[in-house]
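Fold and contact review
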Amino acid sequence: MICLEEAQRQVWGSVAPLDTEQVDLIESVGCVLAETVRAPHDLPPFDNSAMDGYALRAEDTQPATPDAPVRLRIVGESAAGKGYRAPLRSGEALVISTGAPIPAGADAVLPLEQAQAQDGALAVHAPVSAGAHIRPKGLDVQAGATLLEAGTRLEWRHIGLLAALGLTPLRVYRRPRVALLVTGSELLPYNAPLRDDAIRDSNSVMARLWLQAWGVPCAFLGVVPDELPALTARLEQALGEAEVILLTGGVSVGGRDLVKPALQTLGAETVFWRVNLKPGKPILFARRDRQAIFGLPGNPLAVAVGLMLFVRPYLAALEGDARPEPRFLTARLKTPVHKKESRAELMTARLCIEADGSLSVAPTPAQGSSLLGSLARANAFCYLPAGEGEFPAGARVQALPFAPMESCL
Ligand code: AMP
Ligand code: MG
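Observations regarding the sheet that holds strand S6 (residues 92–96)
Taken together, the six strands give an open sheet; going across it, the order is S7-S4-S6-S5-S9-S8, and neighbouring strands pair in mixed fashion. Taken across any chain shown, the strands that pair with only one partner, and hence form the sheet edges, are strand S7 (108–111) and strand S8 (116–118). Going from strand to strand, the sheet's axes swing by 35° on average, the running direction of each strand aside. Pairing between strand S5 (residues 70–78) and S6: four bridges, direction parallel.

In structure tokens:
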């Protein structure tokens, strides 16, 4: 049995990313950039107005006072999408809209709210400073600047920037293909009526939803009974269509736990079996050439742990993600924990943002690797390192949220 850190190192410590492909910008969300991206031009690309108002020459307005306003002749308009082509001369002003180009000669904008215009003339009652309400070319981004490093997982916020710069298509790492199969002669599909001695398969449903949330395509190859020929055949099919194989169930020590012998028959090599972890101890990780096989224990919470601690980081590393590791947060225990277990433990827990902004975490009252009810009530795992011990209320521990932090409010 190996420790969690060693197991994680063996899973994604030295993964070569998959090949790359070009995708349209809008399809790139959730993918990992395979190239460092630089700005092809300034943003904004030209000086433009930050307000609706009048473009003018600041110098002209310097003598203006409330009693002796400066009068400027309104000679035209610069609209968004249709600028004023001629240079603005001394004594002139232009109607200008937000986002419209600042014409040559103009160097300030007087907002509509502060302006008085009548009969084609603008009355300015106070000096306007040069540069007022102008968004200069390159204010946001300068041509040639590094925008995003290779290895960045693209989110909507990155893509908005890349869209403004016309950066499409993009080179990203290919998403891994995953095949999922669940083993267990007791398993029924989730939409089947219950019958004697059977339970419904919840693992495949959760695993598929996790993968969907991660944007990783998954072929679900169904439920396989605990019989060696059937299991071997289905695994062979899985190895034929995916680079990452996920199995649940059948990796423990019972006579009907047949994943290991099936993998052996198919020439896969066990990298490790059993991790000093609760839940998830009998987890199995195997390889066949460049393919990876995760045998997750059948208990639903062990599946959740296996997916979050091993599968997700492995997939992320395959996708070239510069930060594949699970993102733990530090939180204070809300209730004391007497840890009787020597294995490292992941407890179902409620992670909360307290009124003072700090994070707290409270393990659910019932803990057990089969307790889907506790899982449903939780929004995070609370991690307690290997070794028995007392964790008083207020102790700082690590927590792994299931979803974005909104669920902690
Ligand atoms: P195993 O790892 O095959 O020994 O299974 C451990 C426990 O998880 C047993 O109680 C199984 O009935 C249960 N189990 C296995 N697969 C699933 C599944 N797909 N959905 C829900 N429970 C499962
Ligand atoms: Mg089983």
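Points about the domain arrangement of the protein chain
According to the domain assignment, the protein chain contains domain 1 (4–18 + 175–318), domain 2 (20–43 + 139–173), domain 3 (48–135) and domain 4 (329–408). One C-alpha centre belongs to domain 1, the other to domain 2, and the line joining them spans 34 Å. Counting residues at the interface gives five residues for domain 1 and six residues for domain 2. Summed over the three residues of domain 1 that lose the most area to domain 2, namely Leu18, Arg175 and Ala316, the buried surface amounts to 74% of that side. Summed over the shared surface of domain 1 and domain 2, the result is one residue pair in polar contact (both at pLDDT 80 or more). Its residues assigned to classes, the side of domain 1 that touches domain 2 shows three nonpolar, no polar and two charged.

Remarks on the environment of Ser129
Summarising the element assignment, Ser129 is placed in the loop between strand S9 (121–124) and strand S10 (134–135). Those residues in contact with Ser129 that sit more than four places away from it in its chain are Ala58 and Ala108.

Notes on helix H4 (residues 228–241)
The end-to-end C-alpha distance of H4 is 20 Å, a good match for the 20 Å that 14 residues give at a rise of 1.5 Å each. Those residues of H4 hidden inside the fold are in contact with strand S13 (178–183), strand S16 (218–224), strand S17 (244–248), helix H5 (259–265), strand S20 (284–288) and strand S21 (291–296).

Quick look at the pattern of salt bridges
In total, this model carries 15 salt bridges according to the counting rule given. Here Arg9 ties to Glu6 by a salt bridge, and the two come within 2.9 Å at their closest N and O atoms. Of this pair, Arg9 and Glu6 both sit in helix H1 (residues 4–12), three residues apart, which is roughly one turn of the helix. The exposure class of Arg9 is exposed, given its relative accessible area of 52%.

Re the site of ligand 1
Near ligand 1 you find 14 residues, and of these Glu186, Asp201, Ser202, Gly250 and Gly298 are the closest. A distance of 3.3 Å is found between a nitrogen atom of ligand 1 and a side-chain nitrogen or oxygen belonging to Asn203.

Examining the sheet that holds S17
Pairing within the open sheet is mixed, and its six strands lie in the order S16-S13-S17-S21-S20-S18. Both outer strands of the open sheet, S16 and strand S18 (269–273), are each paired with one neighbouring strand and no more. Each adjacent strand pair in this sheet contributes to an overall mean axis angle of 15°, direction not counted. For S20 and S21, the ladder comprises five bridges, and the chain directions are antiparallel. Paired with Ala286 across the strands is Ile293, a residue of S21. Running over the sheet, helix H3 (residues 203–214) touches S13, S16 and S17 and is turned about 165° from S13. Contacts from helix H6 (residues 300–318) reach S13, S17, S18, S20 and S21, with the element oriented near 170° to S21.

Reading guide: rules and limits
Within every chain, residues take consecutive numbers counted from 1 along the sequence as written. Working convention: letters from A go to chains and numbers from 1 go to ligands, in the order in which they are written. Reporting of local features is limited, given that this is a predicted model, to residues whose pLDDT is at least 70; pairs of side-chain atoms are given and counted only at 80 or more, and all residues count toward the totals for whole chains, interfaces and linings. With hydrogens and water set aside, each side-chain value is computed from the structure's full complement of heavy atoms. Think of it this way: DSSP has to see at least two bridges between two strands before they count as a pair. What counts as a helix is a DSSP run of H or I of at least four residues, what counts as a strand is a run of E of at least two, and both are numbered from the N terminus. Only C-alpha atoms enter the line fits that serve as axes; for helices the fit covers just the stretch in contact. Angles between N-to-C directions range over 0 to 180 degrees. Note that the domain bounds reflect an automated or database-derived domain assignment. For this analysis, residues touch if any pair of their heavy atoms sits within 4.5 Å. Buried area: the accessible surface (1.4 Å probe) lost by two parts on joining, summed over both. Within 3.5 Å is the distance limit for a polar contact, defined as a pair of N or O atoms, with the added protein rule that one can donate a hydrogen and the other accept it, and that residues adjacent in sequence qualify only through two side-chain atoms. We call Asp, Glu, Lys and Arg charged. Ala, Val, Leu, Ile, Met, Phe, Trp, Tyr, Cys and Pro are nonpolar, and the rest, Gly among them, are polar. Multiply 1.5 Å by the residue count of a helix minus one, and that product is the helix's expected span. Only one rule defines a salt bridge in this text: a Lys or Arg side-chain nitrogen within 4 Å of an Asp or Glu carboxyl oxygen. Whether a residue is buried, partly exposed or exposed follows from its accessible area with a 1.4 Å probe, protein chains only, as a fraction of its type maximum: under 20%, in between, or over 50%, in that order. Here, proximity means that at least one heavy atom of the residue falls within 4 Å of the molecule or strand.

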